[in-house]
Amino acid sequence: MRPEPTPDERAILLGVAAAEAEKRDIDDATARRIASQLHGGQATALYALASSGTIDEQQIYRELAAKFEQQPDPELRELLNWVGAHCIRR
């Protein structure tokens, strides 16, 4: 049995559900929450996205691809895809 989602996890689930229902990308707040859950420390592009909303195009896609390849959980891989799409379209 899975534990009760945290407030951030709940907000991520709601943000993704809204994007799916409205056939659009996730909003900035949802992308930043996802990045805050998955970043690898302060020197990463995902941390920059989480903390300030900044997208370092040179680094973010490499980080997302590496995280995707290392991530066995399909739900987390889907969240990485949502962040990647958000970054591309923003």
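Right, let's get into the pattern of salt bridges. Counted by the stated rule, this structure contains six salt bridges. Asp25 is the salt-bridge partner of Arg89, the closest N and O atoms lying 3.2 Å from each other. Taken as a pair, Arg89 in helix H5 (residues 74–89) and Asp25 in the loop between helix H1 (7–21) and helix H2 (28–38) lie far apart in primary sequence, 64 residues in all. With a relative accessible area of 58%, Arg89 lands in the exposed category. Here Asp28 ties to Arg32 by a salt bridge, and the two come within 4.0 Å at their closest N and O atoms. A residue pair is termed a helical-turn pair when its members lie 3 or 4 positions apart in one helix, as Asp28 and Arg32 do in helix H2 at four residues. Exposure remark for Asp28: the relative accessible area of 29% places this residue in the partly exposed category. Residue class for Arg32 comes out partly exposed when judged on its relative accessible area of 25%. The network of salt bridges with common partners includes Asp28, Arg32 and Arg90.

Thresholds, definitions, all that
Residues numbered from 1 in each chain as written. Predicted model: local features only at pLDDT ≥ 70, side-chain atom pairs only at ≥ 80, totals over all residues. Heavy atoms only, no water. Salt bridge = Lys/Arg side-chain N within 4 Å of Asp/Glu carboxyl O. Helix = DSSP H or I, 4+ residues; strand = E, 2+ residues; numbered from the N terminus. Buried < 20%, exposed > 50% of the residue type's maximum accessible area, 1.4 Å probe, protein only.

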